[in-house]
Amino acid sequence: MPLPFWTLGCIYGASSVTLGAFGAHGLKKKIADPARIANWNTAAHYQLVHSGVLLLSSAVAPKNTLAASLFVAGMTMFSGSIYLLVLDPQRFKALGPVTPLGGLCLIGGWVALAFGKRIPFPR
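Cut-offs and rules
- Residue numbering note: each chain is counted from 1, following its sequence as written.
- Reporting of local features is limited, given that this is a predicted model, to residues whose pLDDT is at least 70; pairs of side-chain atoms are given and counted only at 80 or more, and all residues count toward the totals for whole chains, interfaces and linings.
- Side-chain numbers come from the whole structure's heavy atoms, not from hydrogens or water.
- Any pair of Phe, Tyr and Trp rings, taking the six-membered ring for Trp, is counted once the centres come within 6.5 Å. Such a pair is stacked with planes under 30 degrees apart, edge-to-face with planes over 60 apart, and tilted for the rest.
- Helix and strand labels come from DSSP, where a helix needs a run of H or I of at least four residues and a strand needs a run of E of at least two; each type is numbered from the N terminus.
- The buried label goes to any residue with under 20% of its type's maximum accessible area, the exposed label to any with over 50%, and the partly exposed label to all in between, with areas taken from a 1.4 Å probe on protein chains only.
- Each axis is a line fitted through C-alpha atoms, and for a helix only the stretch in contact is used; angles between axes span 0 to 180 degrees, taken between their N-to-C directions.
- Oblique is the label for every angle not falling under 35 degrees (roughly parallel), over 145 degrees (roughly antiparallel), or within 65 to 115 degrees (roughly perpendicular).
- Handedness of a crossing is defined here by the sense of rotation of the near helix relative to the far one, left-handed for an anticlockwise turn of less than a right angle and right-handed for a clockwise turn.
- In this classification, Asp, Glu, Lys and Arg are treated as charged, Ala, Val, Leu, Ile, Met, Phe, Trp, Tyr, Cys and Pro as nonpolar, and every other residue, Gly included, as polar.
- It only takes one pair of heavy atoms within 4.5 Å for two residues to be counted as in contact.
- Definition of nonpolar core: a set of buried residues of the types Ala, Val, Leu, Ile, Met, Phe, Trp, Tyr and Cys, connected through side-chain atoms within 4.5 Å.

1. Thoughts on the packing of aromatic side chains
Applying the stated criterion across every chain, the model contains four aromatic pairs. Taken together, a centroid distance of 4.7 Å and an interplanar angle of 55° make the contact between tryptophan 40 and tyrosine 83 tilted. Of this pair, tryptophan 40 sits in helix α2 (residues 34-60) while tyrosine 83 sits in helix α3 (residues 65-87), and the two are 43 residues apart along the sequence. Residues tryptophan 40 and tyrosine 83 agree in their burial class; the two are buried. One aromatic cluster is present, formed by Phe22, Trp40 and Tyr83 through successive ring pairs.

This is the structure in structure tokens:
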């Protein structure tokens, strides 16, 4: 199992819980717009889900580094750009196009996982 992807999955998972908690408790004191809070929650949710998928893929498809790399890139671009856009939309408005590119990476990760090699489960 490629240790870097396992480690990254754990780090991304822990940070998604932390960022989700911050969004639920600390961010509401700074940002009043419910749409921006909802965007933050979406970013944390997608990061958490794909962290779990990265961990699972590291275990069952350890040689499928394409899928793992796409999941890492997708979480970084998708969730990362949303976090920054929520915090300061004017300063980070150039990152708007990065969000859908991150989404495409996440989709690509799923496709690469579907068609890549994996460890056969005993029947």
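2. Section: the packing of helix α1 (residues 3-25) against α2
Across the interface, α1 lies against α2 with an axial gap of 8 Å and an inter-helix angle of 160°. Judged by the inter-axis angle, α1 sits roughly antiparallel to α2. The chirality of how α1 crosses α2 is left-handed. Looking at the contact of α1 with α2, its residues break down into 14 nonpolar, nine polar and no charged.

3. Section: the packing of α2 against helix α4 (residues 98-115)
As a packed pair, α2 and α4 sit with axes 12 Å apart at the nearest point and diverge in direction by 25°. The angle between the axes of α2 and α4 places the two elements in the roughly parallel class. The hand of the α2/α4 crossing is left-handed. Side by side, α2 and α4 meet where Tyr46, His50, Val53 and Ser57 of the first sit next to Leu106, Trp110 and Leu113 of the second.

4. Brief notes about the environment of proline 4
In this fold, proline 4 is placed in helix α1. In the structure, proline 4 is positioned 64 residues away from alanine 68 in sequence and 9.9 Å away in space, judged by C-alpha atoms.

5. Remarks on the nonpolar core
When a protein is soluble and globular, its nonpolar side chains tend to lie buried together. Counting residues in hydrophobic clusters, the biggest one holds 24 residues, and the most contacted among them are Leu27, Leu54, Phe71, Val86 and Leu113. Going through the elements one at a time, α1, α2, α3 and α4 are the ones with two or more residues in this core. Among the elements that line this core, the one with the most residues is α3, at nine residues. Setting aside chain neighbours within four positions, we find leucine 54 in contact with Phe5, Leu8, Gly9, Ala68, Phe71, Val72 and Met75.

By themselves, these observations are geometric and do not establish any function.
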